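The primary structure of each chain is shown beneath.
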Amino acid sequence: MMNDVAEYVNEKRYAVYWLRTPRRELGDQSALDWLMRGKLDEIRDHVARVVDLQPD
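Notes on the structure in this doc start here. (Residues numbered from 1 in each chain as written. Predicted model: local features only at pLDDT ≥ 70, side-chain atom pairs only at ≥ 80, totals over all residues. Heavy atoms only, no water.)

**Structural notes on the nonpolar core**
Within soluble globular proteins, side chains that are nonpolar generally end up buried alongside one another. Listed in full, the ten residues of the largest apolar core are Val5, Ala6, Ala15, Trp18, Leu19, Leu26, Ala31, Trp34, Ile43 and Val47. Of all the secondary-structure elements, those providing two or more residues to this core are helix H1 (2–9), helix H2 (12–20), helix H3 (31–36) and helix H4 (40–51). The leading source of residues in this core is H2, at three residues. Ignoring anything within four residues of it in the chain, the contact list for Ala15 reads Met2, Val5, Ala6 and Val9. (Core = buried A, V, L, I, M, F, W, Y, C linked by side-chain atoms within 4.5 Å. Buried < 20%, exposed > 50% of the residue type's maximum accessible area, 1.4 Å probe, protein only. Helix = DSSP H or I, 4+ residues; strand = E, 2+ residues; numbered from the N terminus. Contact = heavy atoms within 4.5 Å.)

Structure below.
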């Protein structure tokens, strides 16, 4: 999943930034916050939509 994000944002360091940055579409939480709460499937689905350029 992180490889997909890294490819989408062009570098792994930006993927790490994306992981830690609060997102409006995640309720102003970061993907890392969601992962820490055990919401792996939700984040995986979100990443799939983002890299496939599908709206939320």
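Anyway, onward from the coordinates.
**Overview of the packing of H1 against H4**
Following both chains from N to C, one finds H1 and H4 inclined at 25 degrees, their axes separated by 10 Å at the closest point. What the angle tells us is that H1 and H4 run roughly parallel. For H1 against H4, the interelement crossing comes out left-handed. Contacts from Asp4, Val5 and Tyr8 in H1 reach Val47, Val50 and Val51 in H4. Here the residues of the contact of H1 with H4 are counted per class, giving five nonpolar, no polar and one charged. (Axes fitted to C-alpha atoms, helices over the stretch in contact; angles between N-to-C directions. Parallel < 35°, antiparallel > 145°, perpendicular 65-115°, else oblique. Left-handed = near helix turned anticlockwise from the far one by under 90°. Nonpolar A, V, L, I, M, F, W, Y, C, P; charged D, E, K, R; others polar.)

**Points about the side chain of Ser30**
Along the polypeptide, Ser30 turns up in the loop between H2 and H3. Accessibility expressed as a relative area gives 3% for Ser30, which makes it buried. A polar atom in the side chain of Ser30 sits 3.0 Å from the backbone nitrogen of Asp33. Apart from residues no more than four positions distant in its own chain, Ser30 is found in contact with Leu19, Arg20, Thr21 and Pro22. (Polar contact = N/O pair within 3.5 Å; in protein donor to acceptor, adjacent residues only side chain to side chain.)

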